[in-house]
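# Structure at a glance
Here is how the chains run, residue by residue.
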Amino acid sequence: MAQGLRLVLFGPPGAGKGTQAQLLREHLNVAHISSGDLFRHHLGQGTELGLRAKEYMNKGELIPDEVTIDIILDKVMSIPNYDGFILDGFPRNPNQADVLEKKLSTESRNLDKVIHIDVSEPELLRRLGGRYICRACQSPHFIGSGEDASAKKCDQCGGELYQRDDDAPTAVKKRIEVYNTETTPVLGFYRERGVLVDISGDNPVDEVNKLVMAALGS
Ligand SMILES: [Zn+2]
């Protein structure tokens, strides 16, 4: 069997990385490693890694790189050598990219491609500001600025929809700012290695998916 592709889906919050990763996962038959899901898993289950992360959160401090790296690499290295994976939400700074590269190269499992989904700031603000989650089944929904969010229910299970603190307007601006200053330098890191592909992410999901597939040569 051919070796599975090892990919990073890169882009600002609201770029649709999770959605594209889901589509790719089905098509390429590789694991989807979402940093957000992994953190929620470790925190929810109270694992050793989760407890380490929680110590900092309780103090109101940022989770340091080494904890984030351990959480992601623990998962990446659990994937069999010949299986592929899609990383989504990691790496978020050049240090994380550097540690990931060193770890993968010890097993000759270097990344095949880093797909950068580029989205303009007004479009990000529109998308994130309209993002609601079902309290019961966690499925994401979009509610436009002209619609009444409190009147809407989950279209999967009828559950109550709510907006995460992370998706409130001031938090959204802050997340984009952090992405611009701390995360975008990772693009240069991967461009130097010749694995970076830029894709315009302002288009609808299926069009972005076509561009991603074309970039992967399938
Ligand atoms: Zn639901």
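This text gives an overview of the structure that appears in the document.

Moving on, we come to the sheet that holds strand β5 (residues 131-134). Strand order in the open sheet formed by three strands is β6-β5-β7, with antiparallel pairing between adjacent strands. On the outer flanks of this sheet lie β6 (140-142) and β7 (161-162), each paired with one strand and no other.

A word on the nonpolar core. Residues Leu 7, Val 8, Leu 9, Ile 86, Leu 87, Ile 115 and Ile 117 are the most contacted members of the largest nonpolar core, which totals 31 residues. Broken down by element, the residue count for this core peaks at four residues, all from strand β1 (residues 6-10).

Once that is clear, we can look at the packing of helix α2 (residues 35-45) against helix α3 (residues 48-58). Their axes nearest at 7 Å, the elements α2 and α3 cross at an angle of 95 degrees. Here α3 runs roughly perpendicular to α2, going by the angle between their axes. For the pair formed by α2 and α3, the contact residues are Phe 39, His 42, Leu 43 and Gln 45 on the first element and Leu 49, Gly 50, Ala 53 and Lys 54 on the second. Looking at the contact of α2 with α3 residue by residue, the class counts come to four nonpolar, three polar and one charged.

Two strands pair when backbone bridges link them, and β1 and strand β4 (residues 113-118) are joined in this way by four bridges, in the parallel orientation. Looking at the pairing, Val 8 lines up with Val 114 of β4. Direction of pairing for β4 relative to strand β8 (residues 196-200): parallel, over a ladder of five bridges. Looking across to β8, one finds that Asp 118 is bridged to Ser 200.

Calculation rules
Residues numbered from 1 in each chain as written. Predicted model: local features only at pLDDT ≥ 70, side-chain atom pairs only at ≥ 80, totals over all residues. Pairing = 2+ DSSP bridges. Helix = DSSP H or I, 4+ residues; strand = E, 2+ residues; numbered from the N terminus. Core = buried A, V, L, I, M, F, W, Y, C linked by C-beta atoms within 7 Å. Buried ≥ 20, exposed ≤ 12 C-beta atoms within 10 Å, placed from the backbone. Axes fitted to C-alpha atoms, helices over the stretch in contact; angles between N-to-C directions. Parallel < 35°, antiparallel > 145°, perpendicular 65-115°, else oblique. Contact = placed C-beta atoms within 7 Å. Nonpolar A, V, L, I, M, F, W, Y, C, P; charged D, E, K, R; others polar.

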